[in-house]
Amino acid sequence: MIRFLIQKEFLQIRRNAFLPRLIILFPIVIMCVMPWVMSMEVKNIVVEVVDIDHTVESQRLVSQIAASNYFIFNGQKATYAEAMKDIEKGRADIILEIRDGQYLIAANAVNGTKGSMGSAYLSQIVNSHCNATLSKRELSTLPRAPLALTFRSKNLYNKHQNYKLYMIPALLAIVMMLMTGFLPTLNIVGEKESGTIEQINVTPVSKWAFILSKLIPYWLIALFVVTVCLLLAWLVYGLTPAGPIWLIYVLAMLLALFFSSFGLIISNYSDTMQQAMFVMWFFIVCILLLSGLFTPTRSMPDWAYLTTYVNPMHYFIDAIRTVFIRGGGFREVAHQVLALLAIGLFMATWAVRSYKKNN
C-alpha cells in the first residue's frame, strides 16, 4: 500500500506547476549566487590620509595603501577636520592621520563589520611599514647585519583562505531545510485545507505508512539536490570533498530526518498554510542564526552557546565542514552523527504520536 501512496505523492509533485521548477532552480541559485555574496571579506573601503609629516617614509606608506586591493584611496586631506567632513557625508570610511611619527586610524563604525575589518586591514599595512622602517634604521646603525628571524604562517586545510570553500558545505543545510522541511509541511497542511486528508484518515492506512509516504519522496528529492550541489561545486568552483562522499549523504539524510519530522510536527498542530509558514519560519531563523553557519558559536553569549547542544544544524555544519574541508572520516564526526540520529529519532517519534488519525 505504501508504494501506491508514494506514487501518488510523485504524481502530485509532477502535476504542480511550481514545485518541479523550484527543485531544479533552488540548488542552482544557492550554489551559484550565494557563495559570492555571503562573504565576510570586506573590500572597496574608501580611505583618506592626513599626512602632517610629509616625510619619505610617510609617502611610501601612502603609496602602499593606494596599491592595496582592499582600499579605494580617496586622496590626501590637509587637516583631520576636513577628512572628518567626508566621513560625516559618507564619502569616506576610514581616516589615517600621520603626525610626528604617530599613526591615528579613525573608522566609521556605523557598519560595524566594515569598520572593524577595514581598521584591521589598515593596521596590518601600518605595522608592516613600521617594522620595515625600523629594520632599515637598525641596519644603518649596526656595524654588521644582525641575525634575521623569519616567521612564516601556514594555513591548514583552507590554504588560500577561500571563503567559498568555507560556505559551500554549509549551504547544503539551507537546501536540505527547504526540500525536507518546508515542502512536506506545506503539502500536509494543503491537504488539510482541501479536505483530502480526511479521505485518507478513514482508510486502513496506518500512521507510519501515511507519514513515510509523505517523507520518502522528499528524501529522494533531497538526495538528488545534494548531488546537484556537489556537481555544481565541482564544475563552477573546482571544489570537491576532501573526505568520503558517502558520509556527506549520510549526514544529509540525518538532517533530512530531523527537518521532515519537525515539519510534520508543525503541520500536525497547524490548520492553515499561513499558520504553518509563520511557525516554521520562526523556528528556522532561530536554528540558522544559532547554528554557527554565519558566525562562530564560541563568539555567542553563554546562554546562546548552550542552545547548540540541541541544535541539529550546528552538528550538521560542523560535521559537513570537517568532511568536506578537512577530509575527516566517520571517526572524526561520530559524535555529530550520533547527535543527529538521536535528535532525528526523537522528532520522528514525536511526529508520529502527534498525528491524529480518525478512522
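Residues numbered from 1 in each chain as written. Predicted model: local features only at pLDDT ≥ 70, side-chain atom pairs only at ≥ 80, totals over all residues. Heavy atoms only, no water.

Asks: What am I meant to see in the overall build of the protein here?
Replies: For the protein, the helix and strand inventory stands at 13 helices and 4 strands. The C-alpha atoms of the protein give a radius of gyration of 28 Å, which is well past the 21 Å a tight globule of 359 residues would have. As presented, the protein carries roughly 19900 Å² of accessible surface, and 62% of it is formed by carbon and sulfur atoms. Between the averaged position of the 30 positive side-chain charges in the protein and that of its 20 negative side-chain charges there is a distance of 13 Å. (Helix = DSSP H or I, 4+ residues; strand = E, 2+ residues; numbered from the N terminus. Rg over C-alpha atoms; globule rule 2.2 N^0.38 Å. Areas by Shrake-Rupley, 256 points an atom, 1.4 Å probe, with all protein chains shown as cover. Lys, Arg positive; Asp, Glu negative; His and termini not counted. Charge placed at Lys NZ, Arg CZ, Asp CG, Glu CD.)

Asks: Before we go on, may I ask you to explain the packing of helix H9 (residues 245–269) against helix H12 (residues 312–326) in this structure?
Replies: For any two helices packed against each other, the geometry comes down to the angle between their axes and how far apart the axes lie. Their axes nearest at 10 Å, the elements H9 and H12 cross at an angle of 170°. Regarding the angle of H9 to H12, the classification is roughly antiparallel. Residues Leu247, Ile248, Leu251, Ala252, Leu255, Phe258 and Phe259 of H9 form the contact with H12, whose participating residues are Pro312, Met313, Phe316, Ala319, Ile320, Val323 and Phe324. Among the residues making up the contact of H9 with H12, the classes are represented as 14 nonpolar, no polar and no charged. (Axes fitted to C-alpha atoms, helices over the stretch in contact; angles between N-to-C directions. Parallel < 35°, antiparallel > 145°, perpendicular 65-115°, else oblique. Contact = heavy atoms within 4.5 Å. Nonpolar A, V, L, I, M, F, W, Y, C, P; charged D, E, K, R; others polar.)

Asks: I would appreciate a short explanation of the confidence of the model for the protein in the present structure.
Replies: Note that predicted coordinates carrying low pLDDT should not be read in detail. Of all residues in the protein, 90% have pLDDT values of 70 or greater, and the mean over the chain is 82. For the protein, helix H7 (residues 196–201) is the element with the lowest average pLDDT, namely 70, and strand S1 (residues 45–51) is the one with the highest, namely 91. (pLDDT = per-residue confidence, 0-100.)

Asks: Would you explain the sheet that holds strand S3 (residues 94–99) in this entry?
Replies: What holds strands together in a sheet is hydrogen bonding between their backbones, with the strands either parallel or antiparallel. Pairing in this open sheet of 4 strands is mixed, and the strands run S2-S1-S3-S4 from one edge to the other. At either margin of the open sheet sits one strand with a lone partner, and together these are strand S2 (71–76) and strand S4 (102–107). Direction aside, the axes of adjacent strands within the sheet are offset by 20° on average. Here 6 bridges tie S3 to S4, and the two strands are oriented antiparallel to one another. Bridge pairing in S4 places glutamate 97 opposite leucine 104. (Pairing = 2+ DSSP bridges.)

Asks: Is there a simple way to explain the pattern of salt bridges in this structure?
Replies: If charged atoms from side chains of opposite charge come close, those side chains can pair. Enumeration over the complete set of coordinates arrives at 4 salt bridges. A salt bridge links aspartate 86 to lysine 77; its shortest N-O distance comes to 3.5 Å. Classification of aspartate 86 by relative accessible area gives buried; the value is 7%. Residues glutamate 97 and arginine 99 are paired through a salt bridge, measuring 3.0 Å at the closest nitrogen-oxygen approach. Here the residues in one salt-bridge network are Lys77, Asp86 and Arg91, joined through shared partners. (Salt bridge = Lys/Arg side-chain N within 4 Å of Asp/Glu carboxyl O. Buried < 20%, exposed > 50% of the residue type's maximum accessible area, 1.4 Å probe, protein only.)

Asks: Hey, could you run me through the packing of aromatic side chains in this one?
Replies: The final tally for this structure, using the stated rule, is 8 aromatic pairs. Ring geometry for phenylalanine 262 against phenylalanine 283: centres 5.5 Å apart, planes inclined by 85°, an arrangement best described as edge-to-face. One end of the pair, phenylalanine 262, is in helix H9; the other, phenylalanine 283, is in helix H10 (residues 273–289), and 21 residues separate them in sequence. Since its relative accessible area comes to 10%, phenylalanine 262 is described here as buried. (Phe/Tyr/Trp six-rings, centres within 6.5 Å; stacked < 30°, edge-to-face > 60°.)

Asks: Got a minute to help me understand the packing of H12 against helix H13 (residues 334–354) in this structure?
Replies: Across the interface, H12 lies against H13 with an axial gap of 9 Å and an inter-helix angle of 150°. Looking at the two axes, H12 sits roughly antiparallel to H13. Pair H12 / H13 crosses with left-handed handedness. Where H12 approaches H13, its residues Pro312, Tyr315, Phe316, Asp318 and Ala319 are matched on the opposing element by His335, Gln336, Ala339, Leu340 and Ile343. For the contact of H12 with H13, the per-class residue count stands at 7 nonpolar, 2 polar and 1 charged. (Left-handed = near helix turned anticlockwise from the far one by under 90°.)

Asks: Explain the nonpolar core here, please?
Replies: The nonpolar side chains of a soluble globular protein tend to be buried, and buried together. Counting residues in hydrophobic clusters, the biggest one holds 85 residues, and the most contacted among them are Phe26, Met31, Ile174, Met179, Leu251, Met313 and Phe316. Broken down by element, this core gets its largest block of residues, 17 residues, from helix H6 (residues 163–194). Look past the residues within four positions of methionine 179 in its chain and what remains in contact with it is Leu22, Ile23, Phe26, Pro27, Pro184, Tyr218, Ile221 and Val225. Listed in part, the 15 residues of the second largest apolar core include Ile45, Val47, Leu96 and Tyr121. (Core = buried A, V, L, I, M, F, W, Y, C linked by side-chain atoms within 4.5 Å.)

Asks: Honestly, H9 in this entry has me stumped. Any pointers?
Replies: Residues lying three or four places apart along an α-helix face the same way, a consequence of the helix completing one turn every 3.6 residues. In this model, H9 (25 residues) spans 37 Å end to end at C-alpha, consistent with the 36 Å of a helix rising 1.5 Å per residue. In terms of residue burial, H9 counts as a mostly covered element, since 19 of its 25 residues are buried. (Expected span 1.5 Å × (residues − 1).)

Asks: Quick question: what am I supposed to make of unusual backbone geometry here?
Replies: For residues that are not glycine, phi is negative in most cases, and the peptide bond is trans in most cases. Of note, asparagine 44 is a non-glycine position whose phi angle comes to about 55°, a positive value. Here asparagine 44 is to be found in the loop between helix H2 (19–37) and S1. A positive phi is found at histidine 54, a non-glycine position, where the angle reads about 55°. Structurally, the position occupied by histidine 54 is in the loop between S1 and helix H3 (56–67).

Asks: When you look at the pairing of S3 in this model, what are you seeing that I'm missing?
Replies: Along any regular strand, the residues point their side chains to alternate faces of the sheet. Burial of S3 is extensive: 5 of the 6 residues sit out of reach of the surface. The pairing of S1 with S3 spans 5 bridges and is classified as parallel. Looking at the pairing, valine 50 lines up with glutamate 97 of S3.

Asks: I'm lost on helix H4 (residues 80–88) in this one. Help?
Replies: Among the residues of H4, those classed as buried are Ala83, Asp86 and Ile87. On an axial view of H4, the arc spanned by its buried residues comes to 105°, and they lie on one face. In this structure, H4 carries Lys85 and Glu88 as exposed residues pointing more than 90 degrees from its buried face. In the core, the buried residues of H4 are packed alongside S1, S2 and S3. (Arc of directions from axis to C-beta.)

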